[in-house]
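As a plain string of letters, each chain reads:
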Amino acid sequence: MSGFADYARLDATALREAIVSKRTTASQVVEAALARIAALDPELSAFSTVLADSARARAKELDAALARGEPAGALCGVPFALKSNMCVEGVEAHCGSKILAGYKPPYTAPFVQRLLDEGAILVGMTHMDEFAMGSSGENSGYAVAKNPWDTSRTPGGSSSGSCAAVAARMVPLSLGSDTGGSVRQPAALCGIVGFKPTYGRITRYGLVAFGSSLDQVSPFTRSARDMELVLSVISGADEHDSTCLPLPAIDPERSDSIRGLRIGVPKEYFASGLDADVRAKVEGAIAKLVELGAATVPIELPHTEYAIPTYYVVATAEASSNLARYDGIRYGPRTNGDGSLQSMIAATREAGFGPEVKRRILLGTYVLSSGYYDAWYVRALKVRRLIRHDFDEAFKSVDLIACPTSPTAAFRLGEKTDDPVAMYLSDVMTVPTSLAGLPAVSVPCGTVTLGGKQLPVGLQLIGPSLADARVLRAARVFEDATQHQREIYALAPSVREGAAR
Ligand code: GLN
């Protein structure tokens, strides 16, 4: 592979340091990223667009600026990828949907601009479940991304490509979106770090809407310190999104201790349905937190069992409203019907949307329809309030909550495609936090053996509203104290051999 030889070993922080200290150049780093994408992506299908020319041009500019002695940005020369539901001026954002084939946004999302302004280099857009609806990437209207640990398995979803791209070390950083777990669940299944901030900490302007009261831009990194760095860049107030909180960016905590933290362990998350090997890893991780000076407290989150049904009322209701704008007039390709406007819209939507998106539009339209609105939608909002209340009560006696991110390790592609409810259930541990709007991270906590292969497991740490920095600190302290990053680096086949086998 050409370019900077150490590329695949380093996280974003170390890559920037190598560039700033002149051990390498941004151009060499970009060449290494492009070479790795060329070598691995034919098998992994993480990328839907690779922006080689603009990435090379930007790297050259950065190298010239460094040579002139200009100050380096916080992410100077760090290659990154974006989920295809994010707006960059002139770059196709198809959202995994045929209905947006060829759609190029007229503006760049502020959360992307903030990365670019700090010197990060956009190298491509990634595959995803159509409109972020799914947990495996298999609802894509284009290509299905594979898990670098075992290409017969899912990398998780819906931010499947963004996750696989970081897990296979094609880029050290990517952005996904998390509505019900779409960053945390894949991060767990691929052995990297994924973080969903408190709702409102990152602007949604330029993120194509799915469930607006749930959607949050959420990064993937391979180290917790990178996650803190990225959040300090992209979070914070933005006038374009009225749900973005008028607060400064998340300020990483300096402390490298979790001594004295009270960590709640919710019994509902360790009940039936949790894979025994995953459970053992997560319990081991919690024991490690205790060893590091935290104290565990058993807690209850009694409304957990209602989270999935509540989510599938709220999220589909919002989706049915948000997706009404795809009508063949304003965006994407058009299919003509019998000549009437009505039939053109129907034909465009029939041809453009895949089966899962249609299922959700139907469900969402039903729960909002007159006569059913109170019975379904309003009731779901009340249950959502109770779920939030469970967390509020728990956080009266604990500082963080620790639990698994996903009930199983990565499942096989095709395993759940015929059973939507089984697919929905893979999010049982991430959806409650989304409904409550709370910050949560997934950090690697070891591997299990499945089908003769090693597969990663994630520990989820959840914080109270606005305690984003505390969640990130705990993830960093845990990561620093364990060998999991190193273990995962040594084990991940695509890292070891330079090929995804
Ligand atoms: N898997 C969940 C769903 O299908 C969550 C998706 C997401 O977070 N975007 O809705």
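All values reported here derive from a predicted model rather than from experimental measurement.

Peer 1: Mind showing me how you'd approach the overall build of the chain here?
Peer 2: For the chain, the count of helices and strands is 17 helices and eleven strands. Taking 23 Å as the expected radius of gyration for a compact globule of 501 residues, we find that the chain reaches 21 Å, a close match to that expectation. Taking the principal axes of its C-alpha atoms as reference, the chain extends roughly 65 × 55 × 50 Å. Within the chain, the proportion of its 501 residues that are buried is 60%.

Peer 1: Honestly, the site of the ligand in this entry has me stumped. Any pointers?
Peer 2: Close to the ligand lie 15 residues; Gly180, Ser182, Tyr311, Arg360 and Asp427 are nearest. The side chain of Arg360 places a nitrogen or oxygen atom 2.7 Å from an oxygen atom of the ligand. Alone, the ligand offers 290 Å² of accessible surface; in the complex the protein occludes 100% of this. Considered class by class, the residues forming the shell around the ligand number five nonpolar, seven polar and three charged.

Peer 1: In this structure, what is going on with the pattern of salt bridges? I would like to understand it.
Peer 2: Once their charged atoms are close, side chains differing in charge can pair, the charge on each being opposite to the other. Applying the stated criterion across every chain, the model contains 23 salt bridges. When the shortest N-O distance is used, the salt bridge between Arg225 and Asp11 registers 2.8 Å. Taken together, the positions of Arg225 in helix H7 (residues 224–234) and Asp11 in the segment before helix H1 (12–20) put the pair 214 residues apart, joining distant regions of the chain. The exposure class of Asp11 is buried, given its relative accessible area of 9%. The partner of Arg68 in a salt bridge is Glu70, with the nearest N and O atoms 2.8 Å apart. Sharing partners across several salt bridges, the network here consists of Asp6, Arg9 and Arg23.

Peer 1: Could you clarify how one ought to interpret H1 in this entry?
Peer 2: It helps to recall that an α-helix has 3.6 residues per turn; residues three or four apart then point in one direction. Turning to H1, its buried residues number three or more, namely Ala12, Leu15, Ala18 and Ile19. Along the long axis of H1, the arc covered by the buried residues comes to 125°, so they all point the same way. On its buried face, H1 sits against helix H2 (26–44), helix H3 (52–67), strand S2 (79–83) and H7. Just downstream of H1, Lys22 is the residue with a positive phi angle, here 65°.

Peer 1: Teacher, can you tell me more about the pairing of strand S4 (residues 173–178) here?
Peer 2: Sheet faces and side chains relate simply in a regular strand, where the side chains alternate between the two faces. S4 sits mainly inside the fold: six of its six residues count as buried. Residue alternation in S4 divides its side chains into two sets, Leu173, Leu175 and Ser177 and Ser174, Gly176 and Asp178, and both sets are buried. Bridging between S2 and S4 involves three bridges; their strand directions are parallel. Paired with Ala81 across the strands is Ser174, a residue of S4. Taken together, the six bridges between S4 and strand S6 (residues 216–221) define a ladder with antiparallel strand orientation. Considered in S6, the bridge of Leu175 is made with Pro219.

Peer 1: Just to check I follow, could you spell out a nonpolar patch on the surface for this structure?
Peer 2: On the surface, a cluster of nonpolar side chains totalling about 310 Å² of accessible area is made up of Tyr366, Tyr372 and Trp376. By the element assignment, Tyr372 lies in the loop between helix H11 (355–368) and helix H12 (373–394).

Peer 1: Honestly, the nonpolar core in this entry has me stumped. Any pointers?
Peer 2: Nonpolar side chains in soluble globular proteins tend to be buried together. Formed by 109 residues in total, the largest nonpolar core has its most connected members in Phe111, Leu115, Phe131, Phe391 and Leu459. Among the elements that line this core, the one with the most residues is helix H9 (residues 307–322), at nine residues. With 38 residues, the next largest nonpolar core counts Ile19, Ala33, Cys76 and Phe220 among its residues.

Peer 1: Can you walk me through the state of the cysteines in this structure?
Peer 2: What is meant by a disulfide is a covalent connection between two cysteines, made through their sulfur atoms. Counted according to the given criterion, the structure contains zero disulfides. Free cysteine: Cys95, not disulfide-bonded; nearest cysteine sulfur from Cys87 at 7.5 Å. Cys244 forms no disulfide, and the closest cysteine sulfur to it belongs to Cys87, at a distance of 16 Å.

Scoring rules and cut-offs
- Residue numbering note: each chain is counted from 1, following its sequence as written.
- The predicted origin of the model limits local features to residues at a pLDDT of at least 70 and limits the giving and counting of side-chain atom pairs to 80 or more, whereas totals for whole chains, interfaces and linings rest on all residues.
- Side-chain descriptors were evaluated using all non-hydrogen atoms of the structure, hydrogens and water having been removed beforehand.
- A run of H or I in DSSP becomes a helix once it reaches four residues, and a run of E becomes a strand once it reaches two; helices and strands are each numbered from the N terminus.
- Two things to know: the radius of gyration comes from C-alpha atoms, and the globule rule equals 2.2 Å times the number of residues to the power 0.38.
- When a residue's accessible area, from a 1.4 Å probe over protein chains only, is under 20% of the maximum for its type it is buried; when over 50% it is exposed; and in between it is partly exposed.
- The rule for a residue being near a molecule or strand is that one of its heavy atoms must lie within 4 Å of it.
- Pairs of N or O atoms are called polar contacts if they sit within 3.5 Å, as long as, within protein, a hydrogen donor faces a hydrogen acceptor (for residues adjacent in sequence, only side-chain-to-side-chain pairs).
- Computed with the Shrake-Rupley method and a 1.4 Å probe, the accessible areas treat only the protein chains shown as cover for residues.
- Under the grouping applied here, Gly and all other residues not named as nonpolar or charged are polar, the nonpolar ones being Ala, Val, Leu, Ile, Met, Phe, Trp, Tyr, Cys and Pro and the charged ones Asp, Glu, Lys and Arg.
- The working definition used for a salt bridge is a side-chain nitrogen of Lys or Arg within 4 Å of a carboxyl oxygen of Asp or Glu.
- Note that the arc is defined by the directions from the helix axis to the C-beta atoms.
- Whether two residues are in contact is decided by their heavy atoms, any of which lying within 4.5 Å being enough.
- We treat two strands as partners when DSSP finds at least two bridges between them.
- Here the term patch refers to residues with relative accessible area over 30% and no salt bridge, with like charges joined within 9 Å and nonpolar side chains (Val, Leu, Ile, Met, Phe, Trp, Tyr) within 5 Å.
- For the purposes of this section, nonpolar cores are sets of buried Ala, Val, Leu, Ile, Met, Phe, Trp, Tyr and Cys residues that join through side-chain atoms within 4.5 Å.
- In what follows, a disulfide is any cysteine sulfur pair within 2.5 Å.

No statement about biological role is implied by the geometric values presented.
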